[in-house]
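Here are the chains, one letter per residue:
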Amino acid sequence: GAGVSQSPSNKVTEKGKDVELRCDPISGHTALYWYRQSLGQGLEFLIYFQGNSAPDKSGLPSDRFSAERTGGSVSTLTIQRTQQEDSAVYLCASSWDSNYGYTFGSGTRLTVV
Amino acid sequence: AQTVTQSQPEMSVQEAETVTLSCTYDTSESNYYLFWYKQPPSRQMILVIRQEAYKQQNATENRFSVNFQKAAKSFSLKISDSQLGDTAMYFCASSTGSARQLTFGSGTQLTVLP
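These lines cover the structure that appears in this document, whether it is placed above or below. Since the model is a prediction, treat every value here as computed from it, not as a measurement.

Reading guide: rules and limits
Residues numbered from 1 in each chain as written. Chains lettered and ligands numbered in written order. Predicted model: local features only at pLDDT ≥ 70, side-chain atom pairs only at ≥ 80, totals over all residues. Heavy atoms only, no water. Contact = heavy atoms within 4.5 Å. Buried area = accessible area lost by both parts, 1.4 Å probe. Salt bridge = Lys/Arg side-chain N within 4 Å of Asp/Glu carboxyl O. Helix = DSSP H or I, 4+ residues; strand = E, 2+ residues; numbered from the N terminus. Nonpolar A, V, L, I, M, F, W, Y, C, P; charged D, E, K, R; others polar. Disulfide = S-S within 2.5 Å. Buried < 20%, exposed > 50% of the residue type's maximum accessible area, 1.4 Å probe, protein only. Phe/Tyr/Trp six-rings, centres within 6.5 Å; stacked < 30°, edge-to-face > 60°.

Comments concerning the interface of chain A and chain B
A common way to express how large an interface is: the accessible area buried when the components associate. Contact with chain A, which involves 24 residues of that partner, is made by 21 residues of chain B. Of the roughly 1800 Å² buried between chain A and chain B on both sides combined, carbon and sulfur atoms contribute 47%. Our enumeration of links across chain A and chain B arrives at 0 salt bridges. When residues of the side of chain A that touches chain B are traced back to their parent elements, those giving at least two are strand S4 (31-37), strand S5 (43-50), strand S8 (88-95) and strand S10 (108-112) of chain A. Class assignment for the residues of the side of chain A that touches chain B results in 10 nonpolar, 12 polar and 2 charged.

This is the structure in structure tokens:
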């Protein structure tokens, strides 16, 4: 597509439930990134996919967080047993070379109540 | 490890005036890239300008320019003729060839006043 598409735009969930966030990157971009942005804060790196290589999961805050990327395209970020501190905007970005910057999606605002 | 520091959480400027946002970074790499991103209330992060560290010439994109001081590890963004649409959060970021993700600063909220 023309840009990075994320869904849903907003998600309200109850504490303890699992959620899935979806990212559809720009066609041809081999790199895909997930970042978390808490209220009024900067961007916290979560996970990075590059082609068929093993993902860099070094930013995932706990084992409740996982992500996959199917067929080198669409990615899903899953948060299990959500906690209130998981409330944030989750941003996805894609790139063909990080040294040229990323193209970001509009994010998913997750609210855990 | 890279770090990026933005020491101005909030700034404001009158419409049509010029404003400069500060950013410092720290890296042990010799080859790296620096970026400014804009995040308006829509949440969409937009790339404003990019600088390659090995280039001495400061990058310029229309009303946006940078002052890149490599020795001081400083990378400030100048916005000329500020417009109401420039109101946004601005993030400074860096990347290197060895690090595969961008490192972001904490952001500066810029408000352009009519």
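Let's pick the thread back up.
Section: the state of the cysteines
On inspection of all chains with the given rule, the structure shows 2 disulfides over all chains. Each sulfur in the disulfide pair Cys23(A) and Cys92(A) lies 1.8 Å from the other. Here the disulfide of Cys23(A) and Cys92(A) is left-handed, its torsion about the S-S bond being about -65°. Taken together, the residues Cys23(A) in strand S3 (residues 19-24) and Cys92(A) in strand S8 connect sequence positions 69 residues apart. Here the two residues Cys23(A) and Cys92(A) agree in accessibility, since each one is buried. A sulfur-sulfur separation of 2.0 Å characterises the disulfide bridge that pairs Cys23(B) with Cys92(B). Its torsion about the S-S bond being -70°, the disulfide of Cys23(B) and Cys92(B) is classed as left-handed. A residue pair is termed long-range when its members are at least 10 positions apart, and Cys23(B) in the loop between strand S3 (19-21) and strand S4 (24-26) and Cys92(B) in strand S10 (residues 88-96) qualify at 69 residues.

As for the packing of aromatic side chains
The tally for this structure, following the rule as stated, stands at 15 aromatic pairs over all chains. Judged by centre distance (4.0 Å) and plane angle (25°), the rings of Tyr33(A) and Tyr102(A) are stacked. Here Tyr102(A) lies in the loop between S8 and strand S9 (103-104) and Tyr33(A) lies in strand S4, a separation of 69 residues in the sequence. Neither residue differs from the other here; Tyr33(A) and Tyr102(A) are each classed as buried. On the basis of an interplanar angle of 55° and a centroid distance of 5.3 Å, the ring pair of Tyr25(B) and Tyr32(B) is categorised as tilted. For the pair formed by Tyr25(B) and Tyr32(B), the shared burial category is buried. Taken together, the ring pairs in this structure connect Tyr33(A), Tyr35(A), Phe45(A), Tyr48(A), Tyr102(A), Phe104(A), Phe35(B), Tyr37(B) and Phe104(B) into an aromatic cluster.

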